[in-house]
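Spelled out, the chains give:
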Amino acid sequence: MVHNLRMMSWQMINGGGYDWALQMNDKFKSLILNNEHQPLMNYQSLGKEAMLAIPTPEHYLPLMYTLGLKNENEEIYLFNDKAVGGSLTMTSVQIG
């Protein structure tokens, strides 16, 4: 969910994230798990950390399409929840 290649750190390539990256990943996960999609769609309003986490939306927008496919009664599961390179998270979403 966090994807800022410009700020990537090769020293953290095997794990670890900047504070802002971990903070936003946690915020995104909380919003997803609580079915609060409006703030996710308007991520620019979530502050400076969100803009660092998503400097350009091409890797983020598929998450919006995926969440749009969720039926009201379907569960959401998160997996591969790992920060790498300081400014990337591999957190993935499964519906159902």
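Up top you'll find the structure we're talking about.
Overview of the structure. (Residues numbered from 1 in each chain as written. Predicted model: local features only at pLDDT ≥ 70, side-chain atom pairs only at ≥ 80, totals over all residues. Heavy atoms only, no water.)

1. Some words on the overall build of the protein
Each helix and strand in the protein was counted, giving 4 helices and 4 strands. Its helices and strands taken in sequence order, the protein reads α-α-α-α-β-β-β-β from the N to the C terminus. For 96 residues, the compact-globule estimate of 2.2 N^0.38 gives 12 Å, and the C-alpha radius of gyration of the protein, at 13 Å, lies within 12% of that figure. With the principal axes as the frame, the protein shows a C-alpha extent of 40 × 25 × 20 Å. Here the protein holds 96 residues, and the buried ones make up 34% of them. Long-range contacts, defined as pairs at least 24 residues apart, comprise 60% of the intrachain contacts of the protein with a sequence gap of at least 6. (Helix = DSSP H or I, 4+ residues; strand = E, 2+ residues; numbered from the N terminus. Rg over C-alpha atoms; globule rule 2.2 N^0.38 Å. Buried < 20%, exposed > 50% of the residue type's maximum accessible area, 1.4 Å probe, protein only. Contact = heavy atoms within 4.5 Å.)

2. Focus on the packing of aromatic side chains
For the structure shown, the criterion picks out 3 aromatic pairs. Considering the side-chain rings of Tyr-18 and Trp-20, the 5.9 Å spacing of their centres and the 20° angle between planes classify their relative orientation as stacked. A residue is classified by how much of its surface remains accessible, and Trp-20, at 12% relative accessible area, is buried. Ring centres of Phe-28 and Tyr-60 lie 5.7 Å apart, and the angle between their planes is 45°; on these two criteria the pair is classed as tilted. (Phe/Tyr/Trp six-rings, centres within 6.5 Å; stacked < 30°, edge-to-face > 60°.)

3. Here we look at the nonpolar core
Within soluble globular proteins, side chains that are nonpolar tend to cluster in buried spots. Among the nonpolar cores identified, the biggest contains 19 residues, and Phe-28, Ile-32, Leu-40, Tyr-60, Leu-63 and Leu-67 are the most heavily contacted of them. Those elements giving two or more residues to this core turn out to be helix 1 (19-33), helix 3 (48-53) and helix 4 (61-68). Considering each element in turn, this core owes the most residues, 6 residues, to helix 1. The contacts of Leu-67, once residues within four sequence positions are left out, are Ile-32, His-37, Leu-40, Ile-76, Val-93 and Ile-95. (Core = buried A, V, L, I, M, F, W, Y, C linked by side-chain atoms within 4.5 Å.)

4. Remarks on helix 1
Compared with an ideal rise of 1.5 Å per residue, which puts 15 residues at 21 Å, helix 1 spans 21 Å between its outermost C-alpha atoms and is within 8% of the ideal. Looking at helix 1, one finds that the buried residues are Trp-20, Ala-21, Met-24, Asn-25, Phe-28, Lys-29, Leu-31 and Ile-32. Take helix 1 and look down its axis: the buried residues cluster within an arc of 165°, on one side only. Here the buried face of helix 1 lies against helix 2 (37-41), helix 3, helix 4, strand 1 (76-79), strand 3 (88-89) and strand 4 (92-95). Asn-35 occupies a position one or two residues after helix 1 and carries a positive phi of about 55°. (Expected span 1.5 Å × (residues − 1). Arc of directions from axis to C-beta.)

5. Some points on the pattern of salt bridges
Taken as a whole and judged by the stated rule, the model has 2 salt bridges. Between Asp-26 and Lys-29 there is a salt bridge whose closest N-O contact spans 3.4 Å. One end of the pair is Asp-26 and the other is Lys-29, both in helix 1 and 3 residues apart, which spans about a single turn. Judged by its relative accessible area of 43%, Asp-26 falls in the partly exposed class. One salt bridge connects Asp-81 with Lys-29, and the closest N-O pair in it is separated by 2.5 Å. (Salt bridge = Lys/Arg side-chain N within 4 Å of Asp/Glu carboxyl O.)

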